[in-house]
Structures are given as C-alpha cells and as structure tokens.
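Survey of secondary and tertiary structure
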Amino acid sequence: MHSLSIDIGNSSAKVAVFAGKEVVHHQRLAKVGILDLAQLVEKFSPKKSIISSVNQEINQLEEYLKKHTQYTRFTAALTKGVENKYKTPATLGLDRWAGILGANSLFPKNACLVIDAGTCITYDLLTGKQMYFGGSISPGIAMRFKAVHEFTGRLPSVEWNPGEAIPDGEDTQTAIKNGVLRGIVNEIEGFIAINNTKESALKVIITGGDANFLFKQLQNSIFAPQIIQDPYIVLKGLNEAIAD
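The notes below deal with the structure included here.

The rules behind each value
- Residues numbered from 1 in each chain as written.
- Predicted model: local features only at pLDDT ≥ 70, side-chain atom pairs only at ≥ 80, totals over all residues.
- Heavy atoms only, no water.
- Salt bridge = Lys/Arg side-chain N within 4 Å of Asp/Glu carboxyl O.
- Helix = DSSP H or I, 4+ residues; strand = E, 2+ residues; numbered from the N terminus.
- Buried < 20%, exposed > 50% of the residue type's maximum accessible area, 1.4 Å probe, protein only.
- Expected span 1.5 Å × (residues − 1).
- Arc of directions from axis to C-beta.
- Contact = heavy atoms within 4.5 Å.
- Pairing = 2+ DSSP bridges.
- Axes fitted to C-alpha atoms, helices over the stretch in contact; angles between N-to-C directions.
- Core = buried A, V, L, I, M, F, W, Y, C linked by side-chain atoms within 4.5 Å.

Overview of the pattern of salt bridges
- Taken as a whole and judged by the stated rule, the model has 10 salt bridges.
- Of the charged contacts in the structure, one is a salt bridge between Lys 14 and Asp 7, with a shortest N-O distance of 3.8 Å.
- As a salt-bridge pair, Glu 63 and Lys 66 come within 3.7 Å of each other at their nearest N and O atoms. Placement of both Glu 63 and Lys 66 in helix 2 (residues 59-68) is noted, with a separation of three residues, approximately one turn of the helix.

A look at unusual backbone geometry
- Although it is not a glycine, Lys 109 sits at a positive phi angle of roughly 65°.
- Summarising the element assignment, Lys 109 is placed in the loop between helix 3 (94-106) and strand 7 (112-117).
- Assessed through its relative accessible area of 65%, Lys 109 is described here as exposed.
- The backbone of Ala 201 sits at a positive phi, close to 55°, despite the residue not being glycine.
- Following the sequence through the fold, Ala 201 ends up in the loop between helix 5 (172-198) and strand 10 (203-207).
- Of the residues examined, Ala 201 reaches a relative accessible area of 57% and is grouped as exposed.

Quick look at helix 3
- Relative to the 18 Å expected for 13 residues at 1.5 Å per residue, helix 3 spans 18 Å between its end C-alpha atoms, a close match to the ideal helical length.
- Within helix 3, 10 of the 13 residues are buried, which leaves it mostly tucked inside the rest of the structure.
- Looking at helix 3, one finds that the buried residues are Leu 94, Arg 96, Trp 97, Ala 98, Gly 99, Ile 100, Leu 101, Gly 102, Ala 103 and Asn 104.

Focus: helix 1 (residues 34-44)
- Those residues of helix 1 lying buried are Leu 37, Leu 40, Val 41 and Phe 44. In a view along the axis of helix 1, the buried residues occupy a sector of 100°, so they form one face of it. Pointing more than 90 degrees away from the buried face of helix 1 are the exposed residues Leu 35, Glu 42 and Lys 43.
- On the buried face of helix 1, the contacting elements are strand 1 (2-8), strand 2 (13-19), strand 3 (22-29) and helix 2.

What about the sheet that holds strand 9 (residues 131-139)?
- The mixed open sheet is built from six strands, whose spatial order is 6-9-8-7-10-11. On the outer flanks of this sheet lie strand 6 (83-84) and strand 11 (227-229), each paired with one strand and no other.
- Packed onto the sheet, helix 3 meets strand 6, strand 7, strand 8 (120-126), strand 9 and strand 10 and runs at close to 125° relative to strand 9.
- Sheet contacts for helix 4 (residues 141-150): strand 8 and strand 9; angle to strand 9, the most-contacted strand, approximately 35°.

Topic: the nonpolar core
- Formed by 29 residues in total, the largest nonpolar core has its most connected members in Ile 115 and Leu 214.
- The set of elements that each furnish at least two residues to this core consists of strand 7, strand 8, helix 4, helix 5, strand 10 and helix 6 (211-217).
- A per-element tally of this core places helix 5 first, with seven residues.
- Not counting chain neighbours up to four residues away, the residues in contact with Leu 214 comprise Ala 117, Ile 141, Ile 184, Val 185, Ile 188 and Ile 206.
- In this structure, Leu 101, Ala 103, Val 114 and Ile 233 belong to the second largest nonpolar core, which totals 24 residues.

Set out below in structure tokens:
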C-alpha cells in the first residue's frame, strides 16, 4: 500500500510516495499542481495522502486528493505519541513539527535534535521522554549573504557555491564567505553542544536544502558520529502522521 506526503515550503514543494516507511519516489517542485497529483495517483494509486503547507493555497489540491485518496491536512494536533508543550501551537511551523514526528518514528524514545537548514535554519529538540518544548529559528545561508549586502553601504553581494570549501578571509569577498559560513557551522556546533548537555544519547538529524554542505563541514566536528543527514525527515514525519 502506498501513501503520498507533500511538504509545501517557502521556496519549493517536496513530494514523496511511501510504501510503509520506505521512500519509493521523491521529487522537488517549484509548485504542486493538479496535474502533478494526477500523475502520482495514476502511477502509485496511494491509499492515503497528507499535505503540510506554509504558504500555498491548497484547497484545489485537497479537493482532488479527497476524491482519490483518504486525505488528511497536517496540523500540530497530529501528535503520534509526542507531547507538544509549545506555548503557541497555532503558530508552530508545520515543517518543524513534522520533523519532530519523523525523528520520533526513526528513533523512538531517543532524544533527537532536528536541524532543518533551508530559508531559515531551525533547531528543534525532542526529549527522550517524547516531549517537545520548542527550539530556535535562525537566518539561513542565503538570507545571511543577502543581509550583509543589503544592510550595509559598501559590502558587495557575494555569490556562493555549495561545492566550495570555506575560504580564509583574505579579501572582502572571502571575508564575507568565511564569516557567514564559518559562523553558521560554529552556530550549529554550539546548538548541538547545548542540547547535548540537556539530553543523553542525543541523535542529531540535519535536513533541508543546505544540509549536504553543512553535513560535510561538520564531519570533523567532535559531534560527527551522532550527526545523521536525512533529506526526507519532514516527509517521513508526514507519513508517520497518517500511518496505521
């Protein structure tokens, strides 16, 4: 039996088809349309479906999925055994909550720190007692580069290639790259260290568009053995929310 999970974020949409807990199809789209859903339904015949959306109007998508699947709109009310202690659950980013459910499904009863490195970088802690109190939201890589240029009078706009190593700051361009990139790596290591003191046997899961670059930078960290890169953790959380 297949199920369909859709995560519509700030800059793109991620779609996955699952067979049980296994990802059998994945794609990233600028925007999800009815034609995209029709192709997936025709190919995989999913029994269940779920959408998490931060900004796109999804009424038409929902109506289509209601006709062809058992559809669920994802909300923070879907807990799957995790106790949500967030003080303003109505404002909790659904991708953050889905990441927590995904971490809990992979590592039940284990403390997990989920780091989602996208437009913003979010840090969310699931305790070993399956409780969630919240986390942190920080500017992402592209946002930091843009801010350095737009909020100063003379500093240039810098192009960044994720395949590059972090350079030494030998001129203005490389100084900006070093400051932004090294600063983020140090920030991530700091959050891991803080949460490592709160919870024993902490698992760190990094995901999002910039996760591959950051994961490579963290390989020399003292925390490296406990850092896992999982590009599907949010989609896995959505799938967990509709699992039997």
